[in-house]
Each structure stands twice: as structure tokens, then as C-alpha cells.
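An overview of the molecular structure
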Amino acid sequence: MASIESLIETNYNRINNKDCKEAVIKFIKETPTVIDRDITFIKRLTKVAYHVIQADKSSLDSLLERIYQFTSEGLSKIDPEINTLTESNLYTIKSHLSNYAGGFAKILYEKNKDKCWGEKAYKNYIKAASMNMDKDQNLSAHSYKSAAMVAESLFKETEEIYWAVRWYECARLAAEIGLNVDKMEAAVNYRSMGDAAKTMFDLTDDKKWLEIEINAYEQSAEYAKCTDSFFFAKSYLYAAIASNFAFRKLDNRNRELARRSIDSYNKFLDYCNKNPLRIFNTDEITRARQNVYRLQRAIVRGY
């Protein structure tokens, strides 16, 4: 079998060698620390370990804390004075190791439901995301998306508004940065932003969050339009429900808000009519039609 150094170099971007998974697991199991290894080796090892987990989620279950430790040891070695790599290369390695650390901590959080690991995942993802905003927008958007997912989970666990705000902010940044990279990913992140804004309204009763929620769902729909028509329709349904709620409960004289809700409902219903084989819940479709009728009557009556 090839050496661990050779295997993690040749399988760096994806696992191509059947011996690689076994060798990586064996190395991690038998190696208590990598503090004496060079930074390039640690980066390669942790990335390939992440490939192993993606291919087989339970393969490193008992070793997750150790591989997280390896990323931390790698981060501790990023010092231009003790490395021959350029400062730019070290910066890239630091951001990538932070992202891997976030990934390993997120898996541990999902597995153990230990808030401590959720917080570590969030902090590492934020570090990776902020470091890459100007250098690698794809990685930055991905890291902010992951941070948003962790913050959402932490909010649902703790019900602390702090995590709802973090969820919203990370989803917003993931969406805005992602526009330059992948419109469909941006659509997914705008929907998460809308969900977070809805949560913020429920927590604060501040009307500004309703407008943010509606806008986010509408943007989610528009960015999905050319890629995933089902996602497009669902996001417009969410926008319609949010704007209908705002009209009914907060400002039932705002005809523009009513028209906005009707427009979103109609885009949803148009999709349902054109795609009968991809039917939504029939109750959703019925309610959408009823709400369009009620909103149209409200506009005619003037309230």
C-alpha cells in the first residue's frame, strides 16, 4: 500500500484509490497528534478525511473529535515565521482548515446534540466565511450557509434570540455573496433568510421583519425561476402567505400589499396548473384560490 503522504496527495480532490479510506482511518486511529507534521500534510489529511465522511457518514464516528483536534493543531501552526509557504498560501490554508473544523464540529453537534459543538461549528464557519469574502466567494457563501444552518439549529434548541439574529445575518450574507456564484444556491439561501425573518417577527412583533420576509421569499423565487420551477412556485407560495398575513393582520387598507399577495399566489397557482403531475398538497392549492378571491374582494371593497 502507498504511504499516507502519497494517498492524501493523490486523493486530495476526491477519493480515487480504494486503499485511501482504510489508510486514512487507520492513520487517524493510531495517531494521537499531528502537531509535529507540516501544515500542508494536515490540510490534505483533514480534507481527505472529510471526503471519507461524505462517502460514508459513520466511517469516522469514533474519531471525529480527534480529526477536529487535528484541524485545531493545523490552525495553531499557521505562523509565517515558522513556515516556508507564502503569506497568501498560509491565509488560504487557514480559511480552509477553519471550514473543515466547522464541518467536523457540525457533524459532532448533529450526532451528540451538544451545544458546545454547535457553537464551535458556528465560530469556525464564520471565520472561514469572513476570510474568503474577497478571495473565494464560493467558499464564503458556502461557509455562511453552513453557519446559518447551525445557528438555526441552535435557535431551535435554545430559543435564544441571539441565534435567530445570527441565523438571519448568515443566511443574508450567504444569499448576497452567492448571487455572484450560483443563482440556485442564492435562491436556497434567500428562502432561509425569509424563514429567519419570519422567526424574528414572531419573536419581536416588529413589522420590519415582515417586509424582509416577503422580499426574501420573492427573491428566492426569482433566482430559482430558470433552474427549479418547483422551488420557484413554493417560494412564491411562502411570499403570498407572508404578504397576505401582513395585509390581513397589520394593514388591511394597503391595496398594494393585497395585490402583491395576489400576484404571488397566482404565480404559484400558474405553476400548479401547468404541472399537474407535480401536485402540491391539494389543501394548499384550495387555500391559495380562496385567498386570491378574498383579497380581490377586499380590494374592490376598499378594505
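Attention in this report is confined to the structure presented alongside it. (Residues numbered from 1 in each chain as written. Predicted model: local features only at pLDDT ≥ 70, side-chain atom pairs only at ≥ 80, totals over all residues. Heavy atoms only, no water.)

Secondary structure summary: the chain contains 13 helices and 0 strands in total. Counting helices and strands in the order they occur from the N terminus, the chain gives α-α-α-α-α-α-α-α-α-α-α-α-α. In terms of overall dimensions, the chain has a C-alpha envelope of 75 × 40 × 35 Å along the principal axes. Every one of the 303 residues in the chain was classed for burial, and the buried ones make up 49%. (Helix = DSSP H or I, 4+ residues; strand = E, 2+ residues; numbered from the N terminus. Buried < 20%, exposed > 50% of the residue type's maximum accessible area, 1.4 Å probe, protein only.)

Moving on, we get to the packing of helix α9 (residues 183-204) against helix α11 (residues 229-250). Two elements in contact, α9 and α11, have axes separated by 11 Å at closest approach and are oriented at 25°. Classed by the angle they form, the pair α9 and α11 counts as roughly parallel. In this structure, the crossing between α9 and α11 has a hand that is left-handed. Between α9 and α11, the contacting residues are M184, A187, V188, R191 and F201 on the first element and F231, K234, S235, Y238, F245 and L250 on the second. (Axes fitted to C-alpha atoms, helices over the stretch in contact; angles between N-to-C directions. Parallel < 35°, antiparallel > 145°, perpendicular 65-115°, else oblique. Left-handed = near helix turned anticlockwise from the far one by under 90°. Contact = heavy atoms within 4.5 Å.)

As a further point, take helix α8 (residues 161-178). The terminal C-alpha atoms of α8, which comprises 18 residues, lie 25 Å apart, in line with the 26 Å expected from a rise of 1.5 Å per residue. Of the residues making up α8, those classed as buried are W163, A164, W167, Y168, C170, A171, L173, A174, A175, I177 and G178. Looking at the buried positions of α8, the neighbouring elements they touch are α6 (115-131), α7 (137-158), α9 and α10 (208-224). (Expected span 1.5 Å × (residues − 1).)

Scanning all chains against the criterion turns up 17 salt bridges. E185 is paired through a salt bridge with K145; the nearest N and O atoms lie 3.0 Å apart. Within this pair, whereas E185 is found in helix α9, its partner K145 is found in helix α7, the two being separated by 40 residues in sequence. Note that D270 and K274 form a salt bridge whose closest N and O atoms lie 3.1 Å from each other. Residue D270 and its partner K274 are both found in helix α12 (residues 255-274); the two are separated by 4 residues, about one turn of the helix. The exposure class of D270 is partly exposed, given its relative accessible area of 36%. One network of salt bridges, with partners in common, ties together K115, E119 and E160. (Salt bridge = Lys/Arg side-chain N within 4 Å of Asp/Glu carboxyl O.)

Let us look at the side chain of R191. Along the chain, the position of R191 falls in helix α9. Within the buried set, R191 has no salt-bridge partner at all; the shortest N-O distance to an opposite charge, 6.2 Å, is to D195. Among the polar contacts made by the side chain of R191, one reaches the main-chain carbonyl oxygen of F231 at a distance of 3.1 Å. In this view, R191 contacts Y217, S220, F231, K234, S235 and Y238; residues no more than four positions away in its chain are not counted. (Lys, Arg positive; Asp, Glu negative; His and termini not counted. Polar contact = N/O pair within 3.5 Å; in protein donor to acceptor, adjacent residues only side chain to side chain.)

Its volume calculated, the largest pocket comes out at about 660 Å³. For the largest pocket, the lining is made up of 21 residues, of which Y50, Q54, N99, Y125 and H142 are closest to its centre. Examining the composition of the lining of the largest pocket, we find that 7 residues originate from one element, helix α5 (residues 87-112), more than from any other. Residue composition of the lining of the largest pocket, grouped by class: 7 nonpolar, 8 polar and 6 charged. When its volume is computed, the second largest pocket comes out at roughly 190 Å³. In this structure, the second largest pocket is lined by D195, K198, F201, D202, L210, E213, Y217, Y238, I241, A242 and F245. Looking at the lining of the second largest pocket, the elements with two or more residues in it are α9, α10 and α11. (1 Å grid on protein atoms, 1.4 Å probe; cavity = no way out; pocket = protein on both sides within 12 Å on 5 of 7 lines; lining within 4 Å. Points joined across faces, edges and corners; volume = space filled by probe spheres on them. Nonpolar A, V, L, I, M, F, W, Y, C, P; charged D, E, K, R; others polar.)

Let us now look at helix α3 (residues 39-55). The end-to-end C-alpha separation of α3 is 25 Å, in line with the 24 Å expected for 17 residues at 1.5 Å each. The element α3 is extensively covered by neighbouring structure, given that 12 of its 17 residues are classed as buried. Within the span of α3, buried status applies to I39, F41, I42, K43, L45, T46, K47, V48, A49, H51, V52 and I53. In this structure, the buried residues of α3 make contact with α1 (4-10), α2 (18-30), α4 (64-76) and α5.

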